Amino acid sequence: MIRIAAVGDVHVDKDVVGRYRPALEQLPDRADALLIAGDLTRHGTVEEARCFATEFGGLAVPVVVVLGNHDHQSDQEQQVTEVLTDAGITVLECSSTVLEIRGHRLGIAGAKGFGGGFAGACASNFGEREMKTFVGVTEDIAARLGEALRSVECDALVALTHYAPVPETLAGEPLEIYPFLGCYQLGNAVDSAPTALALHGHAHHGSERGRTPGGVPVRNVAHPVIKQAYNVYQLLSESVDSELVSA
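Thresholds applied
- Residues numbered from 1 in each chain as written.
- Predicted model: local features only at pLDDT ≥ 70, side-chain atom pairs only at ≥ 80, totals over all residues.
- Heavy atoms only, no water.
- Buried < 20%, exposed > 50% of the residue type's maximum accessible area, 1.4 Å probe, protein only.
- Helix = DSSP H or I, 4+ residues; strand = E, 2+ residues; numbered from the N terminus.
- Pairing = 2+ DSSP bridges.
- Salt bridge = Lys/Arg side-chain N within 4 Å of Asp/Glu carboxyl O.
- Core = buried A, V, L, I, M, F, W, Y, C linked by side-chain atoms within 4.5 Å.
- Contact = heavy atoms within 4.5 Å.

Observations concerning the pairing of strand 1 (residues 2-7)
The element strand 1 is extensively covered by neighbouring structure, given that six of its six residues are classed as buried. On strand 1, burial covers both faces: I2, I4 and A6 on one face and R3, A5 and V7 on the other are all buried. Relative to strand 13 (residues 231-235), strand 1 runs antiparallel, the two sharing five bridges. Within the sheet, the bridge partner assigned to R3 lies in strand 13 and is Q234.

Below, the structure written as structure tokens:
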């Protein structure tokens, strides 16, 4: 069994440092790895990235993250990534990593993702150049996430994004903003590989549980949704659905 702690949308700045750390120090007794689904910072500055590294770095378990839209706000995402990497935190963007955990290989493929909407209410790659560019970004990120997922050789595979791959975990958000919270292409990418679990954030007023069209469990781990420092999910158990539990 592999235990994954997960959270998103922690929005760390200097005022947040110290808030999560007491719970994070207990991670070795509760989980084998920590995955963070984007919006690590408030405005995406290098200073905030250093605050995040102080809060979430140096833990006794591996930490794997993707960036969110807030982490791009100041156009310093490359510098933010460098700060996190220097702190020993793995940052994924249309890429993957494999963690060795008690004889098992946990594969994680991650990407920020992008918007676009879901079946019956989505943007299409047609018309004005601006619209084609918008949807083109969505399609490109989803395609590269799918490639990353399919490239991993592991015992249990997790997809980590900021934007949502299904609409079910957006329930509670205004319908009008669904296209800015996720897209169906990410769900297709998740379903293109033997993914065991998909994690995302971004939807602060959404719901925790959903499922892709292909049946993969999806969990919205945005901090305002789970309302604690992290949830813990179990993989390689007898029944993934019944054994996926929060802690």
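Description of the pattern of salt bridges
Per the stated rule, a full pass over the model turns up seven salt bridges. Salt-bridge contacts for D32 lead to R3; the nearest nitrogen and oxygen are separated by 3.4 Å. Residue D32 is found in the loop between helix 2 (27-30) and strand 2 (33-37), and its partner R3 is found in strand 1; the two are separated by 29 residues along the sequence. A residue is classified by how much of its surface remains accessible, and R3, at 18% relative accessible area, is buried. Counted as one network, the salt bridges with shared partners bring together R3, D32 and R102.

Section: the sheet that holds strand 2
Taken together, five strands build an open sheet; the order of strands is 4-3-2-1-13 and the sheet is mixed. The two strands at the open ends of the sheet, each matched to only one other strand, are strand 4 (90-91) and strand 13. Direction of pairing for strand 1 relative to strand 2: parallel, over a ladder of four bridges. Bridge assignment links A5 to a residue of strand 2, and that residue is L34.

Some remarks on the nonpolar core
In terms of nonpolar packing, the biggest core is built from 32 residues, with L27, L34, I36, F52, F56, V65 and L84 touching the most fellow members. Looking at this core, the elements that each hand over two or more residues are strand 1, strand 2, helix 3 (46-56), strand 3 (63-66) and helix 4 (77-86). Broken down by element, the residue count for this core peaks at six residues, all from helix 3. If we ignore the near neighbours within four places in the chain, the residues touching F52 are V10, V12, I36, L40, G57, V65, L84 and I89. Formed by 22 residues, the second largest nonpolar core is a distinct cluster that contains A33, I108, L199 and V221.

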